[in-house]
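Residues per chain, in single letters:
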Amino acid sequence: MDKDIVIDLLKSIDGSFKDKNSKSKVLKKDIELLKNEKATYKEVNDLAIEVGQNLSQSINEFVTAESLPNEKMYFNISNRLMNHTLKNNYDIVTGYASDVQNQLNQAANLHLKAQVPDFNQEKVKGLVERLTAAESFDDIKWILDEPLVTFTQSIVDDTIQKNVEFQSNVGLKPRITRTVVGKPCDWCKNLAGSYSYNDAPDDIYRRHERCHCIVDYNPGDGRKQNVWTKNWK
Ligand SMILES: [Zn+2]
C-alpha cells in the first residue's frame, strides 16, 4: 500500500475542512460569544455539531470508492484517517470547551481550572473496526456521515462529565441540565431534566445518532443554591 495515498488524502481533507470552518457562520458566532464572555455549553455543543458535519463533508469529498486501492477501506487507511481527523476535532472542541469552562468558573467565583477529558481511543478504534469490516466501501460509507458528528459531540459530553465530577469532588453541588432539541424520541424525552450530580441518570451523557440534545452545565447554578441555603439558615 503506497503511503503517499494517505498523506495526500489527509492533506486534501485538512484543506477543505479548514476552509469550511473559516467560512462557518456558526463558528463565527460561537467565537464572538466567547470573546464577549457569553458562551455556554450550548455553544460548545453547536460548535461540535458544526465541526463534526464539516469534517464529514470534507472526508466525503475525497474518500470515495475510486480513491481507495481496490475500492476497499484497508485498516492502514481507516486507522490513520480516523485518528488524524478525529484527534483534530478533539483539539478544536476541547480547546473551545476549556475556554468556556474557565469563563463559567470565573463567573461563579471559583478558582478552579477547566478539566480536559482524554481522547477516547476506544471509540475511535470502534469506528476504525467498523470501517474495515466490510467487503465493499459502499456498505460502510455511512459511517463517515453521522457517526463522526456523534463522536465529536461526545467530546463535549466527556468534558462536562469530567468537570462535573471534579467540581463535585471538591465539595461543590453541580447541577446538570439536559434539554431536547427538535422532535425527540421517547428515550431522550425521558432523560430531559435538571439533576444534581448524585441524582443524574446513568445515561445523562449518552446519545444516539442524530441526537442533538443539549447537555448543559453551569457551575454558577450549584453555587447560587449554596449561597441561598446559607442565607436561609
Ligand atoms: Zn436526543
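This structure is a prediction, so every number in the text was calculated from the model and none was measured.

The rules behind these values
- Residues numbered from 1 in each chain as written.
- Predicted model: local features only at pLDDT ≥ 70, side-chain atom pairs only at ≥ 80, totals over all residues.
- Heavy atoms only, no water.
- Pairing = 2+ DSSP bridges.
- Helix = DSSP H or I, 4+ residues; strand = E, 2+ residues; numbered from the N terminus.
- Axes fitted to C-alpha atoms, helices over the stretch in contact; angles between N-to-C directions.
- Contact = heavy atoms within 4.5 Å.
- Salt bridge = Lys/Arg side-chain N within 4 Å of Asp/Glu carboxyl O.
- Buried < 20%, exposed > 50% of the residue type's maximum accessible area, 1.4 Å probe, protein only.
- Phe/Tyr/Trp six-rings, centres within 6.5 Å; stacked < 30°, edge-to-face > 60°.
- UniProt positions renumbered as here; feature names shortened; annotations may be inferred.
- 1 Å grid on protein atoms, 1.4 Å probe; cavity = no way out; pocket = protein on both sides within 12 Å on 5 of 7 lines; lining within 4 Å.
- Points joined across faces, edges and corners; volume = space filled by probe spheres on them.
- Nonpolar A, V, L, I, M, F, W, Y, C, P; charged D, E, K, R; others polar.

## A look at the sheet that holds strand S1 (residues 175-179)
Part 1: Spatially, three strands are ordered S2-S1-S3 in an open sheet, and the strand pairing comes out antiparallel. On the outer flanks of this sheet lie strand S2 (193-196) and strand S3 (214-217), each paired with one strand and no other. The mean inter-strand angle of the sheet, taken between neighbouring strand axes irrespective of direction, is 20 degrees.
Part 2: Relative to S3, S1 runs antiparallel, the two being bridged by four bridges. When the sheet's bridge partners are listed, Thr177 is paired in S3 with Asp216.
Part 3: Its contacts with the sheet place helix H7 (residues 146-169) against S1 and S3, and it is angled at close to 30 degrees to S3.

## Observations concerning the pattern of salt bridges
Part 1: Inspection of every chain in the model, using the stated rule, returns nine salt bridges.
Part 2: As a salt-bridge pair, Lys189 and Asp186 come within 3.8 Å of each other at their nearest N and O atoms. Of the two residues, Lys189 and Asp186 both sit in helix H8 (residues 186-191), three residues apart, roughly one turn of that helix.
Part 3: Residue Asp186 is classed as exposed on the basis of its relative accessible area of 62%.
Part 4: Across the pair Arg206 and Asp203 runs a salt bridge, and its minimum N-O distance is 3.4 Å.
Part 5: Accessibility expressed as a relative area gives 24% for Asp203, which makes it partly exposed.

## Considerations on the packing of aromatic side chains
Part 1: Inspection of every chain in the model, using the stated rule, returns two aromatic pairs.
Part 2: Ring plane angle 80 degrees and centroid distance 6.2 Å describe the contact between Phe119 and Phe151, whose orientation is recorded as edge-to-face. Separated by 32 residues along the polypeptide, Phe119 in the loop between helix H4 (75-107) and helix H5 (121-133) and Phe151 in helix H7 bring together distant segments of the chain. In terms of burial, Phe119 and Phe151 fall into one category: buried.
Part 3: Chaining the aromatic ring pairs together yields one cluster made of Tyr90, Phe119 and Phe151.

## Some words on unusual backbone geometry
Backbone phi values are negative for most residues with the exception of glycine, while trans is the configuration of most peptide bonds.
Part 1: If you check the backbone angles, Asn70 has positive phi at about 55 degrees while not being a glycine.
Part 2: Locating Asn70 in the fold gives a position in the loop between helix H3 (41-62) and H4.
Part 3: Non-glycine residue Asn109 carries a positive phi angle of around 65 degrees.
Part 4: Here Asn109 is to be found in the loop between H4 and H5.
Part 5: For Asn109, a relative accessible area of 53% puts it in the exposed group.

## Concerning the UniProt feature "coiled-coil region" (unreviewed entry) in the chain
Part 1: Under the present numbering, the feature "coiled-coil region" (unreviewed entry) in UniProt falls on residues 17-44.
Part 2: Between the first and last C-alpha atoms of residues 17-44 the distance is 18 Å; the span itself is 75% helix and 0% strand.

## A short note on the layout of surface pockets
Part 1: When its volume is computed, the largest pocket comes out at roughly 350 Å³.
Part 2: Residue assignment for the lining of the largest pocket shows that the elements contributing at least two residues are H5 and H7.
Part 3: The element best represented in the lining of the largest pocket is H7, accounting for seven residues.
Part 4: Its residues placed into classes, the lining of the largest pocket shows four nonpolar, three polar and seven charged.

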